[in-house]
Amino acid sequence: MALIAPSILSADFASLGAQAAAVARGGARLLHVDVMDGQFVPNLTLGPPVVKSLNAATDLFLDCHLMVQEPDRVIPLFLAAGADGISVHIEAVRHLHRTVQLIRDGGARTGVALNPATSLGHLEDILPEIDFVLLMSVNPGFPGQKFIPQVMEKVRRLAGMVAERRLETVIEVDGGVGAGNAHDLAAAGAGLLVAGSAVFGQSDPEDAARRLTALTAAAGPDPGWIP
Ligand code: DX5
Ligand code: ZN
């Protein structure tokens with residue numbers, strides 16, 4: 001079954017601990033943490049101190065999505081803060097293989113994120129080295145944007161690449177995911193579905209998490225390494 005990753009970008013930052021507990025009750029096993037530096041994307045969000053506090057407040061897997069330029073500078077800080085998984089943007093990294101080693105050597109699950117216009121071909125040589133690929137289905141920077149429909153087919157193509165090479169790389173989809181497309185994305189091969197507005201943007205995030213989890217329960221691969 002595919003898993004829902006509620007994105008705290010849409011949560012109330014004044015009560016993150018309580019919000020994490022609510023989605024955990026709703027069946028979520030991870031939290032998606034959107035880190036933005038104001039350079040790679042035109043928005044600023046949060047940094048390692050928030051991840052450290054979340055790590056103390058919840059047992060949920062902390063899936064840190066670094067939308068930052070040259071992430072090598074800050075990866076050690078996120079590892080020390082308790083990040084369980086870290087994804088970096090292929091468009092923001094000069095020496096991807098080195099960056100991936102840095103994350104893996106720090107003991108976190110390793111992901112590479114691709115913007116909507118970035119071709120899957122760029123994954124060719126790095127795919128066997130990573131745990132997951134994050135496919136952006138909106139242009140990164142803001143919650144509440146509309147899902148770019150072409151990404152559904154991109155998920156299928158990536159699932160094909162992964163299967164052909166007999167890998168177990170998990171596919172994560174991020175942006176504009178909700179009740180209308182979650183099941184189809186899981187069926188196309190996504191194992192992790194990020195949902196911001198569709199969970200924390202709702203009046204009852206616990207219930208929203210529970211409903212989305214139920215929608216994907218019967219479809220998609222199970223990312224076994226998430227406790
Ligand atoms: C966008 C972020 C997403 C965002 C998703 O740049 O990477 O994780 O929080 O928000 P929704 O689900 O509202 O599109
Ligand atoms: Zn994200």
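Residues numbered from 1 in each chain as written. Chains lettered and ligands numbered in written order. Predicted model: local features only at pLDDT ≥ 70, side-chain atom pairs only at ≥ 80, totals over all residues. Heavy atoms only, no water.

Student: Give a description of the overall build of the chain that names residues and reports values.
Tutor: For the chain, the helix and strand inventory stands at seven helices and eight strands. If one aligns the C-alpha atoms of the chain with their principal axes, the spans along those axes are about 40 × 35 × 30 Å. Here the chain, with 227 residues, has 56% of them falling under the buried criterion. Intrachain contacts of the chain at a sequence separation of at least 6 include 66% that bridge at least 24 residues. Counting 16 positive and 24 negative side-chain charges, the chain places the averaged centre of each group 2 Å from the other. (Helix = DSSP H or I, 4+ residues; strand = E, 2+ residues; numbered from the N terminus. Buried < 20%, exposed > 50% of the residue type's maximum accessible area, 1.4 Å probe, protein only. Contact = heavy atoms within 4.5 Å. Lys, Arg positive; Asp, Glu negative; His and termini not counted. Charge placed at Lys NZ, Arg CZ, Asp CG, Glu CD.)

Student: Requested: an account of the coordination of the zinc ion (ligand 2), with residues and values cited.
Tutor: For the zinc ion (ligand 2), the full set of protein donor atoms is His32 (NE2), Asp34 (OD), His65 (ND1) and Asp174 (OD), at a range of 2.0 to 2.2 Å. One way to put it: the six donor atoms around the zinc ion (ligand 2) meet at angles of 69 to 171°, and that makes the site octahedral. Binding-site remark: the zinc ion (ligand 2) is held by donors from one chain whose sequence spacing is H-x1-D-x30-H-x108-D. Histidine 32 sits in the buried class, given a relative accessible area of 0%. Given a relative accessible area of 5%, aspartate 34 falls into the buried group. (Donors = N, O, S within 2.8 Å, 3.2 Å for Na, K, Ca; no water. Tetrahedral: all angles 85-135°; square planar, octahedral: opposite > 155°, others 65-115°.)

Student: Any chance you could break down the nonpolar core for me, citing the residues and the numbers?
Tutor: Judged by nonpolar contacts, the single largest core of 64 residues is most densely connected at Ile86 and Leu123. Of all the elements, helix α5 (residues 150-164) adds the most residues to this core, at six residues. Residues in contact with isoleucine 86, not counting those within four places in the same chain, are Cys64, Leu66, Ile75, Phe78, Leu79, Ile103, Ala108, Arg109, Thr110, Gly111 and Phe132. Leu30, Leu192, Val194 and Ile226 belong to the second-largest nonpolar core, a separate cluster that totals ten residues. (Core = buried A, V, L, I, M, F, W, Y, C linked by side-chain atoms within 4.5 Å.)

Student: Just give me the short version of the site of ligand 1, but keep the residues and values in it.
Tutor: Residues in close proximity to ligand 1 total 20 residues, the closest being Asp34, Gly141, Asp174, Gly196 and Ser197. One of the side-chain nitrogen or oxygen atoms of serine 7 is found 2.9 Å away from an oxygen atom of ligand 1. Within the contact set of ligand 1, an oxygen atom lies 2.8 Å away from a backbone nitrogen or oxygen of glycine 144. Here ligand 1 has 380 Å² of accessible area as a free molecule, and 99% of this is covered by the chains. Of all the secondary-structure elements, those providing two or more residues to the shell around ligand 1 are β2 (30-36), β3 (61-67) and β8 (192-195). (Near = heavy atom within 4 Å. Polar contact = N/O pair within 3.5 Å; in protein donor to acceptor, adjacent residues only side chain to side chain. Areas by Shrake-Rupley, 256 points an atom, 1.4 Å probe, with all protein chains shown as cover.)

Student: Residue-level account of the sheet that holds strand β6 (residues 132-136), with values.
Tutor: Pairing in this open sheet of eight strands is parallel, and the strands run β1-β8-β7-β6-β5-β4-β3-β2 from one edge to the other. With partners counted over all chains shown, the strands left at the sheet margins are β1 (3-6) and β2, one partner each. Pairwise comparison of adjacent strand axes, ignoring direction, gives a mean angle of 25° for this sheet. Note that β3 and strand β4 (residues 85-89) share four bridges and pair parallel. Paired with histidine 65 across the strands is serine 87, a residue of β4. Against the sheet, helix α4 (residues 96-105) touches β4 and β5 (109-114), its axis set at about 145° to β5. (Pairing = 2+ DSSP bridges. Axes fitted to C-alpha atoms, helices over the stretch in contact; angles between N-to-C directions.)

Student: Hey, could you go over the side chain of glutamate 172 for me, with residue numbers and the actual values?
Tutor: Mapped onto the fold, glutamate 172 is located in strand β7 (residues 170-174). No salt bridge is formed by the buried glutamate 172; the nearest opposite charge belongs to arginine 109, separated by 12 Å. Sequence-distant contacts of glutamate 172, that is, excluding residues within four places in its chain, are made with Ala5, His32, Asp63, Phe132, Val133, Leu134, Leu135, Leu192 and Val194. (Salt bridge = Lys/Arg side-chain N within 4 Å of Asp/Glu carboxyl O.)

Student: How would you explain the packing of aromatic side chains if you had to name every residue and give the values?
Tutor: A complete count under the given rule lists two aromatic pairs for this structure. Arranged with centres 6.0 Å apart and planes meeting at 50°, the rings of phenylalanine 61 and tryptophan 225 form a pair that is tilted. Placement of the pair is phenylalanine 61 in strand β3 and tryptophan 225 in the segment after α7 (205-216), with a sequence separation of 164 residues. As far as the burial class goes, phenylalanine 61 and tryptophan 225 line up, both buried. Ring centres of phenylalanine 132 and tryptophan 225 lie 5.9 Å apart, and the angle between their planes is 35°; on these two criteria the pair is classed as tilted. One end of the pair, phenylalanine 132, is in strand β6; the other, tryptophan 225, is in the segment after α7, with 93 residues separating them in the sequence. Take phenylalanine 132 and tryptophan 225: they sit in the same class, and that class is buried. By the ring-pair criterion, three or more aromatic residues cluster together here, those being Phe61, Phe132 and Trp225. (Phe/Tyr/Trp six-rings, centres within 6.5 Å; stacked < 30°, edge-to-face > 60°.)

Student: Can you break down unusual backbone geometry residue by residue, with the values?
Tutor: Phi angles above zero are rare outside glycine, and glutamate 70 is one such case at about 45°. Within the secondary structure layout, glutamate 70 lies in the loop between β3 and α3 (75-81).

Student: How would you sum up the side chain of threonine 110? Please name residues and give values.
Tutor: Locating threonine 110 in the fold gives a position in strand β5. Residue contacts for threonine 110: discarding those within four places in its chain leaves Ile86, Val100, Ile103, Arg104, Ile130, Asp131 and Phe132.

Interpretation note: all reported values are geometric properties and have no functional meaning in isolation.
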